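Architecture at a glance
For reference, the chains in residue letters:
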Amino acid sequence: MAQAEFTSSTGFLLARLGAESRRQWARLLAERGLSPHHFGVLMALDRLGETHQQRLTAAIGVDPRNAVPIFDTLEAQRLIARTSDRADRRRRAVTITAAGRATVDELRRTGAALDDDLLAGLTGNQRTTLHRLLLKVYDSTIEAR
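In short, a report on the structure. Because the structure is predicted, anything quoted here is derived from the model rather than measured.

Observations concerning the overall build of the protein
Looking only at helices and strands, the protein features 7 helices and 3 strands. Reading the secondary structure of the protein in the N-to-C direction produces α-α-α-β-α-α-β-β-α-α. Within the protein, the proportion of its 145 residues that are buried is 26%. Expressed as a percentage of contacts within the protein between residues at least 6 apart in sequence, the contacts between residues at least 24 apart total 51%. Accessible area for the protein stands at about 9700 Å²; split by element, carbon and sulfur atoms hold 55% of it.

Below is the structure:
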């Protein structure tokens, strides 16, 4: 099949560009000893503040049975802290540490640089339009579920 046949498919283009973006992002995280799940936890905690483990696993879409190793790694790197939940001692409360917040800030900056590289062929207006359109598709498919 000719290249033009592939690139005429919007789905193919989205999948291929998504895979490339994901590859670059995973490499960036791996250089810091992190995975996308680790980053998801840090981002969720940065937004939510202190929360319990169950709410956090739901927020990032990880089965609670698979979350403990994720939390263990982040705690070992001193990016999160876990304590007994004050409201319910059976639950574990999770908070982001100052080092975790600094890591999130650094990853946001580095992620923005990856975005800039990926979108280098577009003008500022084209980037804005692309983002707006992708948000519209996201809202009508992912958020609608």
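Having seen the model, we can carry on.
Remarks on helix 4 (residues 53-60)
What sets the pattern is the α-helix's 3.6 residues per turn: residues three or four places apart point alike. Every buried residue of helix 4 is listed here: Gln53, Leu56, Thr57 and Ile60. Down the axis, helix 4 shows its buried residues gathered within 100 degrees of arc, on one side only. Relative to its buried face, helix 4 has exposed residues pointing more than 90 degrees away, namely Gln54 and Ala58. On its buried side, helix 4 packs onto helix 3 (36-48), strand 1 (51-52), helix 5 (64-76), strand 2 (80-84) and strand 3 (92-96). Where helix 4 ends, the next residue or the one after it, Gly61, has phi of about 75 degrees, a positive value.

Details of the packing of aromatic side chains
Evaluated as defined, the whole model comprises 1 aromatic pair. Centre to centre, the rings of Trp25 and Phe39 are 4.9 Å apart; their planes meet at 75 degrees, and the pair counts as edge-to-face. Pair noted here: Trp25 is in helix 2 (residues 10-30) and Phe39 is in helix 3, with a separation of 14 residues, a long-range link. With respect to class, Trp25 is no different from Phe39; both count as buried.

Topic: the packing of helix 4 against helix 5
The contact between helix 4 and helix 5 brings their axes to 10 Å, and the two run at 100 degrees. Overall, the two elements helix 4 and helix 5 adopt an arrangement that is roughly perpendicular. Of the residues in helix 5, those in contact with Gln53, Leu56 and Thr57 of helix 4 are Pro64, Ala67 and Phe71. Among the residues making up the contact of helix 4 with helix 5, the classes are represented as 4 nonpolar, 2 polar and no charged.

Thoughts on the nonpolar core
Formed by 23 residues in total, the largest nonpolar core has its most connected members in Val41, Leu42, Leu74 and Ile80. With 5 residues, helix 3 is the largest single contributor of residues to this core. Every residue in contact with Ile80, bar those within four places of it in the chain, is listed here: Val41, Leu42, Leu45, Phe71, Leu74, Glu75, Val94, Thr95, Ile96 and Thr97.

A few points about the environment of Ala93
By the secondary structure assignment, Ala93 is in strand 3. Counting along the chain gives 84 residues from Ala93 to Ser9, while the straight-line C-alpha distance between them is 46 Å. Here Ala93 is in contact with Glu50, Thr51, His52, Ala81, Arg82, Thr83, Ser84 and Asp85, once residues within four sequence places are set aside.

Some thoughts on the layout of surface pockets
Roughly 1500 Å³ of internal volume is contained in the largest pocket. Surrounding the largest pocket, 28 residues form its lining, Ser21, Asp115, Leu118, His131 and Leu134 being those nearest its centre. For the lining of the largest pocket, the secondary structure elements donating two or more residues are helix 2, helix 3, helix 6 (98-118) and helix 7 (124-141). The leading source of residues in the lining of the largest pocket is helix 2, at 9 residues. Broken down by class, the residue content of the lining of the largest pocket amounts to 18 nonpolar, 7 polar and 3 charged.

Reading the values: rules and limits
- Residues numbered from 1 in each chain as written.
- Predicted model: local features only at pLDDT ≥ 70, side-chain atom pairs only at ≥ 80, totals over all residues.
- Heavy atoms only, no water.
- Helix = DSSP H or I, 4+ residues; strand = E, 2+ residues; numbered from the N terminus.
- Buried < 20%, exposed > 50% of the residue type's maximum accessible area, 1.4 Å probe, protein only.
- Contact = heavy atoms within 4.5 Å.
- Areas by Shrake-Rupley, 256 points an atom, 1.4 Å probe, with all protein chains shown as cover.
- Arc of directions from axis to C-beta.
- Phe/Tyr/Trp six-rings, centres within 6.5 Å; stacked < 30°, edge-to-face > 60°.
- Axes fitted to C-alpha atoms, helices over the stretch in contact; angles between N-to-C directions.
- Parallel < 35°, antiparallel > 145°, perpendicular 65-115°, else oblique.
- Nonpolar A, V, L, I, M, F, W, Y, C, P; charged D, E, K, R; others polar.
- Core = buried A, V, L, I, M, F, W, Y, C linked by side-chain atoms within 4.5 Å.
- 1 Å grid on protein atoms, 1.4 Å probe; cavity = no way out; pocket = protein on both sides within 12 Å on 5 of 7 lines; lining within 4 Å.
- Points joined across faces, edges and corners; volume = space filled by probe spheres on them.

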